[in-house]
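Understanding the architecture of this molecule
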Amino acid sequence: MEASMSENNSVPHSVPAIATALRQRAAQAAAVQSELAKKVMEINQHWLERIQKDSTEAWQLLFKFGGTPAVGEKIKLCEQWIEGAMQNAADDASYALDSARALGELEMRFFAPADTAETKPSEDAAESRSA
């Protein structure tokens, strides 16, 4: 009765399978982490552009406001700015919800079992990014 080499070394037969599973999970985690970093950078870029746009609009409003002597025109400028601000707030809320959904999907893929369809980017996500 000859014992196998792995039994002699007190190494169970499942060690190679565990090592393979760990390598797969590490590769999956790295891929998801890379996608997550890209998405966070995209979100940050969006908000930086949004801040710059808001700043430019505020300065333009101040210049128009200061150069307008009539009270009625100043009121109209303020009304236009408020309408734009309300639309921007709605757009911001929509973008924030979409971003949260996308980040949540990435997080779910991080915890999904390796080699499942859930670990691969969805077709819908790829289409929404290209639009």
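Here we summarise the structure given alongside this text.

Definitions and cut-offs
Residues numbered from 1 in each chain as written. Predicted model: local features only at pLDDT ≥ 70, side-chain atom pairs only at ≥ 80, totals over all residues. Heavy atoms only, no water. Patch = residues over 30% accessible without salt bridge, like charges linked within 9 Å, V, L, I, M, F, W, Y side chains within 5 Å. Areas by Shrake-Rupley, 256 points an atom, 1.4 Å probe, with all protein chains shown as cover. Salt bridge = Lys/Arg side-chain N within 4 Å of Asp/Glu carboxyl O. Helix = DSSP H or I, 4+ residues; strand = E, 2+ residues; numbered from the N terminus. Buried < 20%, exposed > 50% of the residue type's maximum accessible area, 1.4 Å probe, protein only. Phe/Tyr/Trp six-rings, centres within 6.5 Å; stacked < 30°, edge-to-face > 60°. Lys NZ or Arg CZ within 6 Å of the ring centre and 35° of its normal.

With that settled, consider a nonpolar patch on the surface. Side chains of Trp-59, Leu-62 and Phe-63 sit close together on the surface and give an oily, nonpolar patch of about 400 Å² of accessible area. Within the secondary structure, Trp-59 is located in helix H2 (residues 15–66). By relative accessible area, Trp-59 is classed as exposed at 51%.

Turning our attention to the environment of Ala-85. Mapped onto the fold, Ala-85 is located in helix H3 (residues 71–111). Ala-85 sits in the partly exposed class, given a relative accessible area of 26%. Along the chain, Ala-85 and Asp-54 lie 31 residues apart, while their C-alpha atoms are 9.0 Å from each other.

Scanning the entire structure with this criterion turns up two aromatic pairs. Aromatic side chains Trp-59 and Phe-63 sit 6.2 Å apart centroid to centroid with 35° between the ring planes, which places their arrangement in the tilted category. Of this pair, Trp-59 and Phe-63 both sit in helix H2, four residues apart, roughly one helical turn. The pair formed by Trp-59 and Phe-63 is uniform in burial state, with each residue classed as exposed. Above the plane of the ring of Phe-65 lies Lys-74, whose end atom (NZ or CZ) is 5.0 Å from the centre.

For the rest of this paragraph, the subject is the environment of Gly-104. The topology assignment puts Gly-104 in helix H3. Take Gly-104: its relative accessible area is 24%, and that puts it in the partly exposed class. Taking the C-alpha atoms as reference points, Gly-104 and Leu-36, separated by 68 residues in sequence, lie 9.8 Å from one another.

Once their charged atoms are close, side chains differing in charge can pair, the charge on each being opposite to the other. Evaluation of the coordinates by the stated rule reveals six salt bridges. Asp-92 is the partner of Arg-50 in a salt bridge, and the nearest nitrogen-oxygen pair spans 2.7 Å. On the criterion of sequence distance, the pair formed by Arg-50 in helix H2 and Asp-92 in helix H3 is long-range, its members being 42 residues apart. Among the residues examined, Arg-50 registers a relative accessible area of 9% and is labelled buried. Across the pair Lys-53 and Glu-57 runs a salt bridge whose closest N-O atoms are separated by 3.9 Å. Of this pair, Lys-53 and Glu-57 both sit in helix H2, four residues apart, which is roughly one turn of that helix. Exposure remark for Lys-53: the relative accessible area of 42% places this residue in the partly exposed category. Each of Arg-50, Asp-54 and Asp-92 takes part in salt bridges that share partners, so that together they form one network.

Keep in mind these numbers describe shape, not what the thing actually does.
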